[in-house]
Structure formats: C-alpha cells, structure tokens
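Close look at the chain arrangement
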Amino acid sequence: MAETLSVTITQKQNYQFLVDFGEGLPGLIADEPAPLGQGEGPAPTHMLLAAVANCLSASLLFSLQKFKQDAGGITARATCTVDRNESNRLRIQHIDVAIQLGKDGAELAHLDRVLGQFEEFCTVTQSVQAGIPVSISVTDGKGRRLE
C-alpha cells in the first residue's frame, strides 16, 4: 500500500521557485527572505512548519471524528528555532506547535483518548521528529491547556 508523491520545483528567478504539486492542485511561489531572496512567497522553512501544523491539525480532527466529536474549529500555530549547528550551518533546532480547539474541552467526550493518540496519526510530524524535536500543546476554546 505504498504511495509515491512528488512535487516539481522550477526556478523562476534568483531564489524564487515555482512549486508544482501536480495536476489539479494550485502551485505556489516559494522565495527566500531578504537578503537572499525577495520574500515574495513562503520560504522552505515556512512550508515545513505549515506541513507539520496542518498534519497535526488533520490528525486531531481525524481522532475527534472517530468519536463523533466536533472541535468547533481548530487553529494551529507552528514556530521554530533556527540556529547554527556545530558545523556553523543554519538548521531548524526545534519546532513548537500550539493547537487550539474552538470548544471547551469539557464539551468533548473521550478527549483523553483523542489527545493520547492523535499525534501517532500524523505522518509528517512523526517523520520530522526523527531529526527535529517537536513539542505539541493543545488548548481548548477557553484557553485551558489540555493534557
């Protein structure tokens, strides 16, 4: 049941690239921020953060729906620390993902089970964590941290 996915990246100018996801999907312009690029699109670091946050959000939604629960909307913010490694190369050192549900956690049945399993469904985060530590927090609609 293996699946093969691909994207095509084509340089437009300088550090600006067209990202082609394939037939039927809109492409996007990726660009490095100044001073390398013009910052006219997300940088690769932004796209990695978006992939992690999106996959975690979708996995949380999937876990909630298994128990027929509605989160009342999901918002996620991913933040990373970029610093130099021992070889003086810039690397993503850590990713923090803060997910907020729209509803009060007390309104959601089986929330302990949902929170205990949703990360395991996230293909991207589980893969990224092999090389980059990822911290995840979930809060409810009232801003209370859910454990």
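To be clear, the structure that these remarks concern was listed above.
Bear in mind the structure is a predicted one, so any value in this text is a computation, not a measurement.

1. Concerning helix α1 (residues 44-66)
Look at α1: 33 Å from first C-alpha to last across 23 residues, which is about the 33 Å you get at 1.5 Å a residue. Considered for burial, the residues of α1 that qualify are L49, V52, A53, C55, L56, S57, S59, L60, S63 and L64. Close packing links the buried residues of α1 with β4 (74-84), β5 (90-101), α2 (111-117), α3 (123-128) and β6 (134-139). Immediately beyond the C-terminal end of α1, within one or two residues, lies K68, with a positive phi of roughly 55°.

2. Concerning the sheet that holds strand β2 (residues 16-20)
Strands pair in a sheet through their backbones, by hydrogen bonds, and they do so in one of two ways: parallel or antiparallel. Strand order in the open sheet made by the three strands is β1-β2-β3, with antiparallel pairing throughout. One side of each edge strand has no neighbouring strand; the edge strands of this open sheet are β1 (8-13) and β3 (28-30). Each strand axis lies, on average, 35° off the axis of its neighbour in the sheet, ignoring direction.

3. Topic: the layout of surface pockets
Counted as a void, the largest pocket has a volume near 300 Å³. If you trace the largest pocket, you find it lined by E32, P33, A43, P44, T45, H46, L49, C80, V82, L90, R91 and I92. A total of four residues in the lining of the largest pocket trace back to one element, the largest contributor, which is α1. Across the lining of the largest pocket, the residue classes tally to eight nonpolar, two polar and two charged. Within this model, the second largest pocket holds a volume of roughly 150 Å³. In this structure, the second largest pocket is lined by E3, L5 and T123.

Rules and cut-offs
Residues numbered from 1 in each chain as written. Predicted model: local features only at pLDDT ≥ 70, side-chain atom pairs only at ≥ 80, totals over all residues. Heavy atoms only, no water. Helix = DSSP H or I, 4+ residues; strand = E, 2+ residues; numbered from the N terminus. Expected span 1.5 Å × (residues − 1). Buried < 20%, exposed > 50% of the residue type's maximum accessible area, 1.4 Å probe, protein only. Contact = heavy atoms within 4.5 Å. Pairing = 2+ DSSP bridges. Axes fitted to C-alpha atoms, helices over the stretch in contact; angles between N-to-C directions. 1 Å grid on protein atoms, 1.4 Å probe; cavity = no way out; pocket = protein on both sides within 12 Å on 5 of 7 lines; lining within 4 Å. Points joined across faces, edges and corners; volume = space filled by probe spheres on them. Nonpolar A, V, L, I, M, F, W, Y, C, P; charged D, E, K, R; others polar.

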